[in-house]
Amino acid sequence: MSRNPCSLVLLAHPDPAGSRVNSALAAAVCDLDDVTVRDLATVRRAGGFDVAEEQRLLVEHDTVVLQFPWYWYSVPGILKEWMDHVLLRGFAYGSEGTKLHGKTLQVVTTTGGPGESYQPGGYNRFTMSELMRPIDATAHLCGMPLAEPFVVHGVYHLDEAALAEYGARYRALLTGDEQRATA
Ligand SMILES: Cc1cc2nc3c(=O)[nH]c(=O)nc-3n(C[C@H](O)[C@H](O)[C@H](O)COP(=O)(O)O)c2cc1C
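By the naming in an unreviewed UniProt entry, the protein chain is NAD(P)H-dependent oxidoreductase, taken from Nocardioides jiangsuensis.

Take a look at the structure:
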């Protein structure tokens, strides 16, 4: 019996209780059928992640969403730790590491800097696609098609209405209705 494509949202915020934007985005999609939201800060134990459980969930889903606040032009430490410990040779890469092949990788991230700062001549100097090259290379190594990133810029100037609109667009992205939402 066929089933609908399903998404695993890995919410990678070091302090979800202190998050305004990422927690609102996660709340906008957490009730969707076929979407599993996993708060890495909550499931992480003192010894680190349960690697077998993390890998089992990855295998069960068709799309892997990395959702995180943009920190120092990169992913927060908690997501880097998850990647270092879960995306192992023989699972995610290497001649026998084919478990993620064909699954889509979707980045959802939020930045303090406004969109125009992420371009040549802007104070952040580089575009988001340039800065996301390590993620692009990771997806490629793991055999995962990389979707167009969903980026929310300028979060300190985002009012509640704009935040709700981004939540609706994120929801549409995960349900496949994004064309309608952005039209
Ligand atoms: C440690 C740290 C590093 C950050 N680095 C960047 C950065 O490199 N570029 C940027 O635009 N914003 C940066 N920010 C701003 C965060 O992206 C912003 O606080 C976050 O997207 C807000 O999401 P939240 O409400 O879910 O915490 C940084 C914030 C922190 C705390």
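Q: Quick one: what's the story with the site of the ligand, residue by residue and with numbers?
A: Taken together, 17 residues surround the ligand, and among them H13, S19, T110, Y118 and Y156 come closest. W70 places a polar main-chain atom, nitrogen or oxygen, 2.8 Å from an oxygen atom of the ligand. Here the residues of the shell around the ligand sort into nine nonpolar, seven polar and one charged.

Q: I'd like to hear about helix α1 (residues 21-29), residue by residue, with values.
A: Of the positions making up α1, those classed as buried are V21, N22, L25, A26 and V29. Buried residues along α1 cover an arc of 130 degrees about the axis, so they all sit on one side. Buried residues along α1 sit against β1 (7-11), β2 (35-39), β3 (63-69), β4 (104-110), β5 (150-152) and α7 (160-175).

Q: If you had to explain helix α4 (residues 77-86) to someone new, which residues and values would you point to?
A: Considered for burial, the residues of α4 that qualify are I78, L79, E81, W82, M83 and V86. Tucked into the core, α4 has its buried residues touching β1, α2 (40-43), α3 (51-60), β3 and α6 (133-141).

Q: Can you break down the nonpolar core residue by residue, with the values?
A: Counting residues in each nonpolar core, the largest one holds 31 residues, and the members touching the most others are L40, L58, F68, L79, W82 and L100. Elements supplying a minimum of two residues to this core: β1, α3, β3, α4, β4, α5 (128-131) and α6. In terms of residues, this core owes the most to one element, α4, which gives five residues. Every residue in contact with W82, bar those within four places of it in the chain, is listed here: L10, L40, F49, E54, L58 and L87. Grouped together as the second largest cluster of nonpolar side chains are 16 residues, V9, L25, F150 and L163 included.

Q: I'd like a description of the pattern of salt bridges, backed by residues and values.
A: Oppositely charged side chains are able to pair whenever their charged atoms sit close together. Here the structure, examined in full by the defined rule, presents seven salt bridges. Between E53 and R56 there is a salt bridge, with its nearest N and O atoms 3.0 Å apart. With E53 and R56 both in helix α3 and three residues apart, this pair spans about one turn of that helix. Residue classification places R56 among the partly exposed residues on the basis of a relative accessible area of 39%. The shortest N-O distance in the salt bridge between E60 and R56 comes to 2.7 Å. You can see E60 and its partner R56 sitting in helix α3, four residues apart, about one turn around the helix. One network of salt bridges, with partners in common, ties together E53, R56 and E60.

Q: If you had to explain the pairing of β4 to someone new, which residues and values would you point to?
A: Among the seven residues that make up β4, six are buried, leaving the element largely enclosed by the rest of the structure. What joins β3 to β4 is α4, and the crossover it makes is right-handed.

Q: An account of the state of the cysteines is requested, with residue identities and associated values reported.
A: With the rule as written, the count across this model stands at zero disulfides. Distance from the sulfur of C30, which forms no disulfide, to the nearest cysteine sulfur (C6) is 16 Å.

Rules and cut-offs
- Residues numbered from 1 in each chain as written.
- Predicted model: local features only at pLDDT ≥ 70, side-chain atom pairs only at ≥ 80, totals over all residues.
- Heavy atoms only, no water.
- Near = heavy atom within 4 Å.
- Polar contact = N/O pair within 3.5 Å; in protein donor to acceptor, adjacent residues only side chain to side chain.
- Nonpolar A, V, L, I, M, F, W, Y, C, P; charged D, E, K, R; others polar.
- Buried < 20%, exposed > 50% of the residue type's maximum accessible area, 1.4 Å probe, protein only.
- Helix = DSSP H or I, 4+ residues; strand = E, 2+ residues; numbered from the N terminus.
- Arc of directions from axis to C-beta.
- Contact = heavy atoms within 4.5 Å.
- Core = buried A, V, L, I, M, F, W, Y, C linked by side-chain atoms within 4.5 Å.
- Salt bridge = Lys/Arg side-chain N within 4 Å of Asp/Glu carboxyl O.
- Right-handed = clockwise from strand over helix to strand, strands pointing away.
- Disulfide = S-S within 2.5 Å.

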